[in-house]
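Next come the chains, spelled out residue by residue.
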Amino acid sequence: MEIGYFTMPSHPPECGLKEGHDWDLQVLRWLDELGYQEAWIGEHHTAPWEPNPTPDLLIAQALLQTKRLRIGPGGFLLPYHHPAELANRVAMLDHLSEGRLNFGVAASGLPSDWAMFNVDGMSGQNRDMTREALEIILRLWTEPAPFTHKGKFWTVTKPDTMFDFLKPHIKPLQAPHPPIGVAGLSKNSDTLKLAGERGFIPMSLNLNPAYVSSHWDSVVTGAAKTGRKPNRQDWRLVREVFVADTDEEAWKLSTGDMMGRMMSEYFLPLLGHFGFKDYLKHAPDVPDSDVTVEYCAKRNWIVGSPSTVAEKIEKIYDEVGGFGVLCVFGFDYKHKPEAWHRSLALLKNEVMPRLKHLGSAKKAA
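Residues numbered from 1 in each chain as written. Predicted model: local features only at pLDDT ≥ 70, side-chain atom pairs only at ≥ 80, totals over all residues. Heavy atoms only, no water.

Caption draft 1: Quick peek at the overall build of the protein chain. Counting its regular elements, the protein chain contains twelve helices and 13 strands. By the compact-globule yardstick of 21 Å for 365 residues, the protein chain fits well, its C-alpha radius of gyration being 20 Å. Overall, the protein chain is about 70 × 45 × 45 Å in size when its C-alpha atoms are taken along their principal axes. Within the protein chain, the proportion of its 365 residues that are buried is 55%. By sequence separation, contacts in the protein chain at least 24 residues apart represent 75% of the contacts at least 6 residues apart. Carbon together with sulfur atoms contributes 53% to the accessible area of the protein chain, which is approximately 15800 Å² in total. A distance of 5 Å separates the average location of the 40 positive side-chain charges in the protein chain from that of its 45 negative side-chain charges. (Helix = DSSP H or I, 4+ residues; strand = E, 2+ residues; numbered from the N terminus. Rg over C-alpha atoms; globule rule 2.2 N^0.38 Å. Buried < 20%, exposed > 50% of the residue type's maximum accessible area, 1.4 Å probe, protein only. Contact = heavy atoms within 4.5 Å. Areas by Shrake-Rupley, 256 points an atom, 1.4 Å probe, with all protein chains shown as cover. Lys, Arg positive; Asp, Glu negative; His and termini not counted. Charge placed at Lys NZ, Arg CZ, Asp CG, Glu CD.)

Caption draft 2: Geometry of the sheet that holds strand β5 (residues 103-106). If you trace the nine strands from one edge of the open sheet to the other, you get β3-β2-β1-β13-β10-β9-β8-β5-β4, paired in parallel fashion. Two strands in the sheet have a free side with no partner beyond their single neighbour: β3 (70-73) and β4 (76-77). Of the strand pairs in this sheet, strand β1 (residues 2-7) and strand β13 (residues 325-329) are connected by five bridges, and their pairing is parallel. Opposite E2, over in β13, you have V325 as the bridge partner. (Pairing = 2+ DSSP bridges.)

Caption draft 3: Local environment of the layout of surface pockets. In this model, the largest pocket occupies a volume close to 1000 Å³. In terms of lining, the largest pocket is formed by 46 residues, of which the most central are S108, G109, L110, L185 and L205. Where the lining of the largest pocket is concerned, the elements lending two or more residues are β5, α4 (111-117), α5 (125-142), β8 (180-184), α6 (190-198) and α9 (258-274). For the lining of the largest pocket, the leading source of residues is α9, giving five residues. Split into classes, the residues belonging to the lining of the largest pocket amount to 24 nonpolar, 17 polar and five charged. (1 Å grid on protein atoms, 1.4 Å probe; cavity = no way out; pocket = protein on both sides within 12 Å on 5 of 7 lines; lining within 4 Å. Points joined across faces, edges and corners; volume = space filled by probe spheres on them. Nonpolar A, V, L, I, M, F, W, Y, C, P; charged D, E, K, R; others polar.)

Caption draft 4: The nonpolar core, seen in detail. In this structure, W340, L344 and L347 are the most contacted members of the largest nonpolar core, which totals 119 residues. Not counting the four nearest positions on each side in its chain, W340 is found in contact with Y5, W23, V27, W30, V241, F242, M259, V328, F329, G330, F331 and Y333. (Core = buried A, V, L, I, M, F, W, Y, C linked by side-chain atoms within 4.5 Å.)

Caption draft 5: Focus on the side chain of R236. Within the secondary structure, R236 is located in strand β10 (residues 236-239). Here the side chain of R236 touches E38 through a polar contact of 2.8 Å, side chain to side chain. In this structure R236 touches Q37, E38, I201, P202, M203, S204, V325 and C327, once residues within four positions along its chain are discounted. (Polar contact = N/O pair within 3.5 Å; in protein donor to acceptor, adjacent residues only side chain to side chain.)

Caption draft 6: Seen up close, the packing of aromatic side chains. Following the criterion strictly, the structure yields 13 aromatic pairs and no others. The interplanar angle of 85° and the centroid separation of 5.6 Å between the aromatic rings of W23 and W30 together place this pair among those described as edge-to-face. Residue W30 is classed as buried on the basis of its relative accessible area of 12%. Geometry around F147 places R139 over its ring, the cationic atom sitting 3.9 Å from the centre. (Phe/Tyr/Trp six-rings, centres within 6.5 Å; stacked < 30°, edge-to-face > 60°. Lys NZ or Arg CZ within 6 Å of the ring centre and 35° of its normal.)

Caption draft 7: Spotlight on helix α8 (residues 247-255). Listed as buried for α8 are A250, L253, S254 and T255. Where α8 is buried, its residues touch β11 (241-243), α9, α10 (293-299), β12 (302-304) and α12 (337-351).

Caption draft 8: How the structure looks around the packing of helix α2 (residues 55-64) against helix α3 (residues 83-97). Between α2 and α3, the least distance of the axes is 10 Å, while the angle of their chain directions is 15°. The angle between the axes of α2 and α3 places the two elements in the roughly parallel class. Crossing geometry of α2 relative to α3 is assigned as left-handed. Residues D56, I59, A60 and L63 of α2 touch α3, and the partners they reach there are R89, L93, L96 and S97. (Axes fitted to C-alpha atoms, helices over the stretch in contact; angles between N-to-C directions. Parallel < 35°, antiparallel > 145°, perpendicular 65-115°, else oblique. Left-handed = near helix turned anticlockwise from the far one by under 90°.)

Caption draft 9: A look at empty space enclosed by the protein. Under the criterion given, the structure shown has one cavity of 30 Å³ or more. In this structure, the largest cavity is lined by Y5, T7, D24, V27, L28, I41 and L58. Secondary structure elements with two or more residues in the lining of the largest cavity: β1 and α1 (17-34). Here the lining of the largest cavity gets three residues from one element, more than from any other, and that element is α1.

Caption draft 10: Expanded view of the environment of P337. Relative to the helices and strands, P337 is located in helix α12. Put simply, P337 and S108 are 229 residues apart on the chain and 30 Å apart in space, counted from C-alpha to C-alpha. Excluding residues that lie within four positions of it along the chain, P337 makes contacts with W23 and W30.

Caption draft 11: Examining the side chain of S10 more closely. Of note, S10 is situated in the loop between β1 and α1. Overall, S10 belongs to the buried group, its relative accessible area being 3%. Beyond its immediate chain neighbours, meaning those up to four positions away, S10 contacts W49, M262, G330, F331 and D332.

This is the structure we're talking about:
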């Protein structure tokens with residue numbers, strides 16, 4: 001099993017945009033120094049707790065300040081980008097990365113983002129746009145011949161050579177393209193079925209392990225459509241993680257600090273508005289009112305000393321049937337940077353050696 005990082009990025013509303021950006025850059029440098037495998041950067045437009053509409057700007061800077069870390073959007077919200085423009089931009093970013101780029105894509109789940117861009121998410125238009133945009137991007141990268149795509153949402157032409165020398169010429173460095181990741185949230189996720197169908201990297205967002213088990217079923221269902229055999233080593237699980245020297249210290253620094261604040265002020269109320277608190281429950285009969293920060297910390301978060309955290313990760317691993325990469329969910333601890341750095345370091349240096357025996361994850365479904 002490997003470890004990575006997934007950040008929305010999350011910052012409190014009073015945080016300045018550059019201030020938050022600088023914290024994210026610092027964390028990415030730490031991840032590279034500590035030997036983490038990868039980092040994924042989210043895109044959001046109307047959430048003050050998730051203030052990053054341009055993951056590629058952060059990625060471009062981070063690539064200059066890191067040496068080994070694979071970095072990618074997690075993901076670009078495809079309904080809000082013209083596919084031809086994004087295909088060229090991602091291809092250029094891949095060259096700047098010298099092959100360290102991952103390409104995460106997402107359909108967008110915030111109704112306020114849908115409203116800003118006039119996308120009818122309630123009817124699933126955002127998912128349809130995501131599929132069409134990705135199809136166009138992949139065609140632009142892989143089909144040598146000219147074509148015109150006339151779809152429901154976009155008409156895009158890959159023209160033949162014009163005036164002797166004008167022609168589409170920008171392709172990614174990684175052939176045929178950077179690894180593509182897609183994140184799933186809901187039970188029996190359609191997005192993760194797409195991952196299985198197309199051989200993309202499946203990513204499960206931070207939910208109760210009992211719920212996440214259905215995500216691999218979605219990957220398998222999608223893979224069956226195209227005769228693929230999915231590999232559990234490709235599966236990423238995103239979890240809230242805080243490691244400290246003792247369980248008591250880890251509990252205080254997580255529930256009693258920025259992790260707890262973000263959950264209580266933003267994430268839990270947001271899920272409540274959507275009727276999604278079921279995603280966090282260990283049993284369906286748990287009342288919504290019981291789903292508190294403390295409940296999530298006990299049931300879903302991976303918080304504690306190195307030995308406690310190792311036990312919790314192994315338990316989750318067994319419950320879901322095996323996965324390949326644990327991605328730490330990012331939080332803003334710039335007020336206590338040494339605590340966040342120590343948590344990341346303890347996970348890498350003290351916890352992961354205790355889990356070496358999990359490296360033999362089930363290779364296939």
